[in-house]
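Letter by letter, the chains look like this.
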Amino acid sequence: MQHIPYIPTVAPDLAEVRAYFPSFEQQVNNHPIVFFDNPGGTQVPQQVIEATTEYYLYANANTHGAFATSQRTDTIIEEARLAVADLLNCDAHEVIFGANMTTLTFSLSRALGRTLVAGDEIIVTTLDHDANIAPWRAVAEERGLVIRQIDIDPKTCTLDMDALHAAMNDRTKLVAVGYASNAVGTINDVATIVHWAHDVGALCWIDAVQYVPHGPVDVRQLDCDFLAFSAYKVFGPHIGVVYGKQALLEGLRPYKVRPASDATPDKFETGTQPHELFAGLLGAIDYLSLLGNTHAAPTPEAASDYSGRRRALKIAMGSILAYERTLSAYLLTALSLVPNLTLYGLTNPTDMTRRVPTVALTMRDQTPRALAEALAEVGICAWDGNYYAVELMERLGLEATGGALRLGLTHYNTPEEIDRCIAVLSQLSRA
Ligand SMILES: Cc1ncc(COP(=O)(O)O)c(C=O)c1O
């Protein structure tokens, strides 16, 4: 295998980072396990495991009771809201929790649908996960709305921004767009999209599930109206989160039971929540804050607007972003040298600022499933298929042939792990 120099710019101390994740100690067929399935869900650090266990030991109860465990539960939920607010730079009551991003989007889209009338338009994109398409299509069907779907340039897997801008008009009421693609890693220029949406009086709903684990997010700076993500893709437990601007949330009428509070955000959190997972979410934020507190800011000016935990989280995510760009460049360069491979999306090393380290590929004469199985044999976890990016896989002509293999890296992955993966793919491509 040709050697590719690995030149990190801002490397977190990988040994130190990896030591927080007990699941890395596993072996598969005598090989250390490699997690390249991160876009489907990340591993959790020790802080998440401990916080969840402690919840069961000392706080396990329903909310708003007069007794100790219930009051501890109330405190944990409040703290989890504050922690997410620090991650996104918003206020705690602008944070809504739910089962996952998909369920929250279906729920909020129904509430938003109540404000729309026949002929109103919603924009969705071919680059998005179906969780940011299907809910809007369902609302459109029920209320006689028009859906406009924005295409991509299939060569780069980037959004057709001219078409997106041209599709906006005074009937546009909502633009649903992803921050980063869960299939090909493209980062969208969401700041510009929000700006354009507001120019025509539309709201902007951002699916940030695949961006939040990879870089700093500031909803105030973005000025987006809603932003959704899943904690289990950000080193936390299986819960979903939506940020919404306070005035908008207050104006919405969600589907809810009568005794539940009419206050925001409670009115959106139907039924009993997974309280132990809020404790776990706090553990994930503790882990990221710790990274931020023990690393220098990659660009100090980027963190200068923040203080306390907000600053630590911005530094952590800034360091992760910088490190992951080097991982993306290393991975893509190495993959480009494997014969018979097709890579999708932005692959040029100069484009690393426009993508996260999520790479889709196919190999001649091999199904994506066969590639995933060969990697699994030596302990490398990677997804094959469409990962619910159905429109994109159809547009790329891959849906009928099993989609693509996805290598989805994050900050705890190493160049050595990439080398192991490349060795397997190189061998298969020669077979
Ligand atoms: C970009 C993107 N959006 C939405 C989702 C759905 O998230 P959840 O599983 O929390 O519903 C995913 C999950 O893979 C995703 O990658």
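Residues numbered from 1 in each chain as written. Predicted model: local features only at pLDDT ≥ 70, side-chain atom pairs only at ≥ 80, totals over all residues.

### Comments concerning the overall build of the protein chain
Along the backbone of the protein chain there are 15 helices and 17 strands. Its C-alpha atoms give the protein chain a radius of gyration of 22 Å, near enough to 22 Å, the size a compact globule of 431 residues would have. In terms of principal-axis extent, the alpha carbons of the protein chain reach across some 65 × 50 × 40 Å. Sorting the 431 residues of the protein chain into buried and exposed places 50% on the buried side. A separation threshold of at least 6 residues defines the contact pool for the protein chain, and within that pool the share at least 24 residues apart is 70%. (Helix = DSSP H or I, 4+ residues; strand = E, 2+ residues; numbered from the N terminus. Rg over C-alpha atoms; globule rule 2.2 N^0.38 Å. Buried ≥ 20, exposed ≤ 12 C-beta atoms within 10 Å, placed from the backbone. Contact = placed C-beta atoms within 7 Å.)

### Digging into the confidence of the model for the protein chain
Chain-level statistics for the protein chain give a pLDDT mean of 95 and a share of 96% at 70 or above. Across residues 5-10, where pLDDT falls below 50, the model places 11 contacts with residues more than four positions away in sequence or in other chains. (pLDDT = per-residue confidence, 0-100.)

### Topic: the packing of helix H10 (residues 275-293) against helix H12 (residues 308-336)
Running from N to C, H10 and H12 point in directions that differ by 80 degrees, and their axes come no closer than 7 Å. Here H10 lies roughly perpendicular to H12, going by the angle between them. The residues of H12 that touch H10, namely those facing Leu288, Ser289, Leu291, Gly292 and Asn293, are Arg309, Ala312, Leu313, Ile315, Ala316 and Ser319. Along the lines of polarity and charge, the residues of the contact of H10 with H12 split into 6 nonpolar, 4 polar and 1 charged. (Axes fitted to C-alpha atoms, helices over the stretch in contact; angles between N-to-C directions. Parallel < 35°, antiparallel > 145°, perpendicular 65-115°, else oblique. Nonpolar A, V, L, I, M, F, W, Y, C, P; charged D, E, K, R; others polar.)

### Here's the deal with the domain arrangement of the protein chain
The domains assigned to the protein chain are domain 1 (14-44 + 323-430) and domain 2 (48-287). A C-alpha centroid distance of 27 Å is found between domain 1 and domain 2. Counting from both sides, the interface comprises 27 residues of domain 1 and, opposite them, 32 residues of domain 2. Looking at the side of domain 1 that touches domain 2, the elements with two or more residues in it are strand S14 (358-363) and helix H14 (390-395). Broken down by element, the side of domain 1 that touches domain 2 gets its largest block of residues, 4 residues, from H14. The residue inventory of the side of domain 1 that touches domain 2, partitioned by class, reads 16 nonpolar, 5 polar and 6 charged. (Domains from an automatic or database assignment.)

### Remarks on unusual backbone geometry
Each neighbour pair has its own omega, and for Thr264 with Pro265 the value is 5 degrees, a cis peptide bond. Examined against the element boundaries, Pro265 turns out to sit in the loop between helix H9 (246-251) and H10.

### Some words on the pairing of strand S4 (residues 95-98)
Remark: a regular strand shows side chains that alternate across the two faces of the sheet. Residues Val95 and Phe97 of S4 are buried on one face, and the alternating residues Ile96 and Gly98, pointing to the opposite face, are buried as well. Sheet analysis places S4 next to strand S12 (residues 240-244), joined by 4 bridges and oriented antiparallel. When the sheet's bridge partners are listed, Val95 is paired in S12 with Tyr243. (Pairing = 2+ DSSP bridges.)

### Comments concerning the sheet that holds strand S6 (residues 146-150)
In spatial order, the strands read S4-S12-S11-S10-S9-S5-S6; together these 7 strands make up an open sheet with mixed pairing. Bordering the open sheet on either side are S4 and S6, each of which pairs with just one other strand. Sheet twist, expressed as the mean angle between neighbouring strand axes with direction ignored, is 20 degrees. For strand S5 (residues 121-125) and S6, the ladder comprises 5 bridges, and the chain directions are parallel. What sits directly across from Glu121, in S6, is Val146.

### Thoughts on the nonpolar core
In terms of nonpolar packing, the biggest core is built from 133 residues, with Cys204, Ile206, Ala208, Ala228, Leu281, Ala284 and Leu331 touching the most fellow members. Element by element, the count of residues in this core is highest for H12, at 15 residues. Counting residues domain by domain, this core receives three or more from each of domain 1 (14-44 + 323-430) and domain 2 (48-287). For Leu331, the residues in contact, after removing those within four places along its chain, are Pro357, Val359, Leu407, Leu409 and Ile418. (Core = buried A, V, L, I, M, F, W, Y, C linked by C-beta atoms within 7 Å.)

### Digging into the packing of helix H2 (residues 46-58) against H10
Relative to each other, H2 and H10 sit at 150 degrees, their axes nearing to 7 Å. With respect to each other, H2 and H10 are oriented roughly antiparallel. Relative to H10, the crossing made by H2 is right-handed. In this structure, H2 contributes Gln47, Val48, Glu50, Ala51, Thr52, Glu54, Tyr55 and Tyr56 to the contact, and H10 contributes His275, Glu276, Ala279, Gly280, Leu282, Gly283, Ala284, Asp286 and Tyr287. (Left-handed = near helix turned anticlockwise from the far one by under 90°.)

### Brief notes about the pairing of S5
Most of S5 sits out of view: 5 of its 5 residues are buried. The two faces of S5 match: Glu121, Ile123 and Thr125 on one face and Ile122 and Val124 on the other face are all buried. In this fold, the crossover linking S5 to S6 by way of helix H5 (residues 134-143) has right-handed handedness. Where S5 lies against strand S9 (residues 172-178), 3 bridges are found, and the strand directions are parallel. Bridge pairing in S9 links Ile122 to Leu174. (Right-handed = clockwise from strand over helix to strand, strands pointing away.)

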